[in-house]
Amino acid sequence: MDRYDSDMTTDCLSFITLSLKFAPFEMPWRGVAGLRMGVGISYMGTKRELAGTVADVLADCRAGPMLDVFAGMCSVGEAVGPTRQVWTNDAQVFASQVGAALFTSRVLPLRSQSIADIYHTRFHEALARGSEKWRAHLEIESDALAASTFEEFAVARSALRSALNHSPIATPVSYPSLFTRQYADTFFGLRQALEIDAIVEAVRGYTPTALMEDAERWLMIALGRTMLRVSTTTGHFAQFLSPKLNNFRTFQRQRRRMIWQEWLESNEEMQPVGDDIWRSQNRSFNEDALTLLPRLVSEKMKPSVIYADPPYTNDQYSRYYHVLETLFLYDYPSTSGAGVYRDGRFVTKFSLKSQSVASLEALVGSAARLGADLVLSYPTNGLAYSKGFEIEDLLRRSYRDVEICHAISHDHSTFGASKGQAKSAVVEKIYLGRV
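Calculation rules
Residues numbered from 1 in each chain as written. Predicted model: local features only at pLDDT ≥ 70, side-chain atom pairs only at ≥ 80, totals over all residues. Heavy atoms only, no water. Helix = DSSP H or I, 4+ residues; strand = E, 2+ residues; numbered from the N terminus. Expected span 1.5 Å × (residues − 1). Buried < 20%, exposed > 50% of the residue type's maximum accessible area, 1.4 Å probe, protein only. pLDDT = per-residue confidence, 0-100. Contact = heavy atoms within 4.5 Å. Salt bridge = Lys/Arg side-chain N within 4 Å of Asp/Glu carboxyl O. Pairing = 2+ DSSP bridges. Right-handed = clockwise from strand over helix to strand, strands pointing away. 1 Å grid on protein atoms, 1.4 Å probe; cavity = no way out; pocket = protein on both sides within 12 Å on 5 of 7 lines; lining within 4 Å. Points joined across faces, edges and corners; volume = space filled by probe spheres on them. Nonpolar A, V, L, I, M, F, W, Y, C, P; charged D, E, K, R; others polar. Core = buried A, V, L, I, M, F, W, Y, C linked by side-chain atoms within 4.5 Å. Axes fitted to C-alpha atoms, helices over the stretch in contact; angles between N-to-C directions. Parallel < 35°, antiparallel > 145°, perpendicular 65-115°, else oblique. Left-handed = near helix turned anticlockwise from the far one by under 90°.

**Overview of helix α4 (residues 93-104)**
Along an α-helix, a turn takes 3.6 residues, which lines up residues three or four apart on a common side.
And step 1. Here α4 contains 12 residues, and its C-alpha end-to-end distance of 16 Å stays within 8% of the 16 Å for a straight helix at 1.5 Å per residue.
And step 2. Across the 12 residues of α4, 11 count as buried, placing the element largely inside the fold.
And step 3. Those residues of α4 that fall on the buried side of the exposure criterion are Val 93, Phe 94, Ala 95, Ser 96, Val 98, Gly 99, Ala 100, Ala 101, Leu 102, Phe 103 and Thr 104.

**Examining the confidence of the model for the chain**
And step 1. A residue-level look at the chain finds 85% of positions with pLDDT of 70 or above and a mean pLDDT of 87.
And step 2. The model gives residues 1-36 a pLDDT under 50, and that stretch makes 59 contacts with residues more than four places away or in other chains.

**Looking at the pattern of salt bridges**
And step 1. This structure, assessed with the given rule, holds 21 salt bridges.
And step 2. Across the salt bridge formed by Glu 78 and Arg 48, the nearest N and O atoms sit 3.5 Å from each other. Taken together, the residues span a long stretch of sequence, with Glu 78 in helix α3 (residues 75-80) and Arg 48 in the loop between α1 (8-22) and α2 (51-59) at a distance of 30 residues.
And step 3. Note on Glu 78: relative accessible area 6%, which makes it buried.
And step 4. A residue is classified by how much of its surface remains accessible, and Arg 48, at 43% relative accessible area, is partly exposed.
And step 5. For Glu 132, the salt bridge goes to Arg 135, with nearest N and O atoms at 3.8 Å.
And step 6. Looking at Glu 132, the relative accessible area reads 49%, which means it is partly exposed.

**Considerations on the pairing of strand β4 (residues 305-308)**
And step 1. Going residue by residue along β4, you find Val 305 and Tyr 307 tucked away on one face and Ile 306 and Ala 308 tucked away on the opposite face as well.
And step 2. Bridge analysis of β4 against strand β7 (residues 373-379) gives 4 bridges, and the strand direction is parallel. Bridge pairing in β7 links Ala 308 to Leu 376.

**Some points on the pairing of strand β2 (residues 86-89)**
Consecutive residues of a regular strand have side chains that alternate between opposite faces of the sheet.
And step 1. The alternating pattern of β2 places Val 86 and Thr 88 on one face and Trp 87 and Asn 89 on the opposite face, and all of these are buried.
And step 2. In the sheet, strand β1 (residues 66-68) pairs with β2 via 3 bridges, with the strands oriented parallel. Its bridge partner lying in β2, Leu 67 is registered against Trp 87.
And step 3. Taking the sense of rotation as the criterion, the β-α-β connection linking β1, α3 and β2 turns out right-handed.
And step 4. Pairing of β2 with strand β3 (residues 283-285) involves 3 bridges; the strand directions are parallel. Among the inter-strand pairings, Asn 89 is bridged to a residue of β3, identified as Phe 285.

**Considering empty space enclosed by the protein**
The gaps left among the atoms become clear once a water-sized probe is rolled over them.
And step 1. Following the criterion strictly, the structure yields 2 cavities of 30 Å³ or more and no others.
And step 2. Within this model, the largest cavity holds a volume of roughly 500 Å³.
And step 3. The wall of the largest cavity is formed by 36 residues, among which Phe 70, Asp 90, Asp 309, Pro 311 and Tyr 317 lie closest to the centre.
And step 4. For the lining of the largest cavity, the elements supplying multiple residues, two or more each, are α3 and α15 (317-320).
And step 5. Of the residues contributing to the lining of the largest cavity, the split by class is 17 nonpolar, 12 polar and 7 charged.
And step 6. Volume-wise, the second largest cavity comes out at about 50 Å³.
And step 7. What lines the second largest cavity is simply Glu 141, Ala 144, Leu 145, Phe 153, Arg 157, Leu 160, Asp 185, Phe 251 and Arg 255.
And step 8. Those elements that place two or more of their residues in the lining of the second largest cavity are α6 (135-146), α7 (150-165) and α11 (248-256).

**Notes on the nonpolar core**
And step 1. Judged by nonpolar contacts, the single largest core of 84 residues is most densely connected at Tyr 119, Phe 179, Phe 188, Leu 223 and Trp 263.
And step 2. With 10 residues, the top contributor of residues to this core is helix α9 (residues 190-206).
And step 3. Aside from chain neighbours lying at most four places away, what touches Leu 223 is Ile 196, Ile 199, Val 200, Ile 259, Trp 263 and Leu 327.
And step 4. With 34 residues, the next largest nonpolar core counts Phe 70, Tyr 312, Val 364 and Ile 391 among its residues.

**Things to note about the packing of α6 against α11**
And step 1. Across the interface, α6 lies against α11 with an axial gap of 9 Å and an inter-helix angle of 135°. In this view, α6 runs oblique relative to α11, as classed from their interaxial angle. Here α6 and α11 pass one another in a crossing that is left-handed. On α11, the residues that touch Ala 144, Leu 145 and Ala 146 of α6 are Gln 252, Arg 255 and Arg 256.

Here it is as structure tokens:
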């Protein structure tokens, strides 16, 4: 997205002044109960319940940096840091940005008062411009959200969808309108989509990038968190909900939620791990794990231990979080399907039954060639097991010292994915291979 250069010197000075005025005082991380940390985002397959157990296993591994090669929302990294340096990787752009924010940020995230002072005017200018363009459509949406019966709601929403479908889309546009043009009345309401675009314009058009790149990252992660909270979905973006008689009240409540206010509240939940000195020595990556590990072999700096929690079902994570990818990329992608999926989504070989075993073999072999200990989480209902494959046997091909540290029954978070239920009971095995 193009950035605006007008009055940049004044903008930079005012941004820095406000940031210093309202930024929270940074205290050394102590790992004590009640200290806020992380981004507060639920993620399919999260290991938050097992993070402490995994951290205990990692504590007995070689000293030095720990690389979480499938970091997701970084629950394991949070449990480990800052007892050692933490490197994070994820093939998903949004998840990799979370890792960068939590473990490499040079500054703390801004708080709501500072954000309001910096961005409120620009946000409302952008929202007013978009609202004028879509005024007739917004009036129809307002009727739908105020309807007292499902019949009234259905009539108004049908009129809105018809109006949106017949609205010409000008390309290119001179201001951000991606979510309004591509996602209005899908995962979000029209007004909500306008607010998302207005926040993006305010943040990316004003934040002095060279000085506050980390601050912008926090703001966009908070917006992604907000989008998950207000969306009319089951907790992910695989497909949006269709309103029915038994859920249209909930649908209306979700669509009435104001993005700006929710965004301010989400920013209050953002907090990095450790202090700035510790974070300055961490690294973050955005690569396929099967590409990253071989590349690190030739680098001078290498991880001492790798934690791997590879995908183990045929669910492609990119299907469930593609809207968050689009938020960060903001590239007006071609879309298709019931979930308005962006074309060219990342596909991991670990979730392809025909390639799951070969992918695990490549992962373990690359970790061993790096000279790193390997802690591997894999459940007994994973794709590799379904093909009669034993993880322990694979580890012994590359590691002399191998053990199964834990076999834990827990609920795997699926958010109602292809399994049709919110959680799936599994036995998670935690393996350790020492160099």
